[in-house]
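# A look at the structure
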Amino acid sequence: WIRGRDLGARASQVVLWQAEAMAPMKPVLSEVTSLFNQALRSAFPSIQEEAKIIKGNPKFGDYQCNNAMGLFKDHGKTLGFAQPVGLAEAIKKGLPENDVFSDVVVSPQGFVTVKLNDSWLSRQVGNIVGHEIEYADTAGAKRVVVDFSSPNIAKEMHVGHLRSSILGETLCRILEFCGHEVHRLNHVGDWGTQFGMLIEFMKEAYPGFLEGTGGMPDVSDLNSFYKAAKKRFDEDEDFKKKSQEAVVDLQGGGKFARTAWQRICDVSRKSFNEIYERLDVRAEERGESFYNDMIPPLVEELKARGLCVESKGAMCIFCPGVADIPLMAVKGDGGFGYDSTDLAAIYHRLFIMRADWIVYLTDLGQETHFHMIFDAAVQAGWHRPPVTRLDHMGFGVVQGEDKKRFKTRSGETVKLVDLLDEAVLRAAQEIESRVKTQDEAGTEAFLKDPKDQQDAAEKLGIAAIRYFDMKQNRTSNYVFNYDKMLDPKGNSAVFLFYAYARIRAIQRKSEVEPEKLPVSELRVEHPAERELALKLLQFPDTIEAILEDLHLHRLTEYLWELCNVLTGFYTNCKVLCDGPERNSRLVLCEATRAVLSKSFDLLGFKPLERI
């Protein structure tokens, strides 16, 4: 966080925005915990115990220290205290002098409740205004690899790729925001036996496609071809044999097979990139084929070390602490599969890329597989916790109203592009309705130009999908519902966009440029102002919690709560009033806008200035 300098002692002087750097903002909970840790060391130097702090009941205070009762149970007699309240008083007395707390109250039960100083709140909120919000992971900057999205070549992206793509993108943004060096890897399925049948089938349907005379199918055709090729493969022994020969030719570097394979990848990649552009997702494609040449020597090394052993004709790594079945480094037929590729990938990321932390995003159905890979990496000495960290960020499936996997009426998997198109169409209808209402009411009306409406609909529709997905606990399945997704009064991106646009409308009506606001005039005095200020300062606490458990819905919950607190602030505190509170409340609005803007960016949204 960056704040302005105090320009002097005269009351007439005001602080405008200055480009003076400050340390990144710290979570309020960490500030409070640090002060209570000092109190515990001062009061009980012979006892090593960390402060136990929770949010307090708003009726009594902002935060609460709960150490006294536990200390009394374990050390009360030794320390000479008859009741927990005595230890609580000692903790209170041990607090260092500070400007963070205004009130410290000890309850008869031994709870120590503190209220944050309004002046401290005002200064901290004032620091937000006018500059880029910053945060640094207290654990230090790390090199992080995030493996996400991972569609299959020759197949269209479907609703199943939605969660991995947008959860992965948001995680990358949050990690980068926290100062980490992030490598975004898209582990596409671009290798395997399926390419043999696809190449062979394309020879028949597009005999001249390699020479450019037979046309090149788009990805929709490839989707159909994949199904048709699979049917032929299952039913036609001659076709199956030729497909297997094509796989051998591909693996051996045959010119025809490699060229056909590359053309298929190029067509799929073009389709993927169109989706990624709409979702504002960035990742480096590094598919299964990248690791092919690494697998044989890696297997030989693991065999020599006794980690990879023969079992029923296959070369296996056993992970008894995770699962009864082994990883197959080499299949019984001598081929390499998913296990082989993932072993090579984790080796490359830990040893060659020197990653400190790797996060894999897939559905929960693959959780056991990845924990086996992690266990094998520990056995091999590649993964050395806690020096290195490995996480499987699993998620549930997207369901239809029938609580089954989301499909079309014909039973087909829903294409991701169709999902996005429908959301944008419905967002356009919401915008048209709002413009019509504004016209009829004679209020400030925007987005009258059809092109502007379409641009806004694209932003709103994509944000609605992203937010609706990310507000779910990622480990849960959820029912996809367009109406809830675009509900302007419910917990939706639409509601958040309206909140942001309302701040912008107030700023326009104030006729004061945000960069010219007198930050030093910010005073947090009304209870609604105080509640909003406190909620703003809990933004870094939210980020810190996400770093711990990788649950991104913490940020969407925070935004929902923030916007509701903002609504309460508007209800109780007129911003564009004639009194001295006007500038103070405009500063508070700008601080809120800045936090919303940063949060939107982390979630991959582009807010609307007018709606």
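## Some words on the overall build of the protein
Within the protein, the regular secondary structure consists of 20 helices and 14 strands. Across its three principal axes, the protein shows a C-alpha extent of roughly 90 × 75 × 45 Å. Put simply, of all contacts in the protein between residues at least 6 apart along the chain, 72% involve residues at least 24 apart. Surface accessibility of the protein: about 28400 Å² in total, with carbon and sulfur atoms responsible for 49%. Once the 77 positive and 89 negative side-chain charges of the protein are each reduced to a mean point, those two points are 2 Å apart.

## A word on the environment of Leu552
If you trace the backbone, Leu552 turns up in the loop between α18 (539-549) and α19 (553-572). The spacing of Leu552 and Thr567 is 15 residues in sequence and 24 Å in space, taken between C-alpha atoms.

## Brief notes about helix α14 (residues 450-470)
For α14, which comprises 21 residues, the first-to-last C-alpha distance of 30 Å matches the rise-based estimate of 30 Å (1.5 Å per residue) to within 8%. A distance of 2.9 Å separates the backbone nitrogen of Lys451 from a side-chain oxygen at the start of α14, and that oxygen is part of Asp449.

## Re the packing of aromatic side chains
Describing an aromatic ring pair means giving the distance of the ring centres and the angle of the ring planes. Per the stated rule, a full pass over the model turns up 22 aromatic pairs. Consider the rings of Tyr360 and Phe374, whose centres lie 5.8 Å apart with planes at 45°: the pair is tilted. On the criterion of sequence distance, the pair formed by Tyr360 in strand β11 (residues 357-360) and Phe374 in helix α12 (residues 367-380) is long-range, its members being 14 residues apart. Since its relative accessible area comes to 6%, Phe374 is described here as buried.

## Details of the environment of Ala505
Along the chain, Ala505 falls in helix α16 (residues 493-510). Judged by its relative accessible area of 15%, Ala505 falls in the buried class. Along the sequence, Ala505 and Gly94 sit 411 residues apart, while their C-alpha atoms lie 48 Å from each other.

## What about the nonpolar core?
By size, the foremost hydrophobic cluster in this structure holds 163 residues, and its most contacted members are Phe36, Leu116 and Leu419. When residues no more than four places from it in sequence are discounted, the contact partners of Phe36 are Ala51, Ile53, Cys65, Ile91, Leu95, Phe101, Val112 and Val114. By size, the runner-up hydrophobic cluster in this structure holds 34 residues, among which are Tyr291, Ile295, Ala345 and Ala355.

Here is what the cut-offs are and how they apply
- Residues numbered from 1 in each chain as written.
- Predicted model: local features only at pLDDT ≥ 70, side-chain atom pairs only at ≥ 80, totals over all residues.
- Heavy atoms only, no water.
- Helix = DSSP H or I, 4+ residues; strand = E, 2+ residues; numbered from the N terminus.
- Contact = heavy atoms within 4.5 Å.
- Areas by Shrake-Rupley, 256 points an atom, 1.4 Å probe, with all protein chains shown as cover.
- Lys, Arg positive; Asp, Glu negative; His and termini not counted.
- Charge placed at Lys NZ, Arg CZ, Asp CG, Glu CD.
- Expected span 1.5 Å × (residues − 1).
- Polar contact = N/O pair within 3.5 Å; in protein donor to acceptor, adjacent residues only side chain to side chain.
- Phe/Tyr/Trp six-rings, centres within 6.5 Å; stacked < 30°, edge-to-face > 60°.
- Buried < 20%, exposed > 50% of the residue type's maximum accessible area, 1.4 Å probe, protein only.
- Core = buried A, V, L, I, M, F, W, Y, C linked by side-chain atoms within 4.5 Å.

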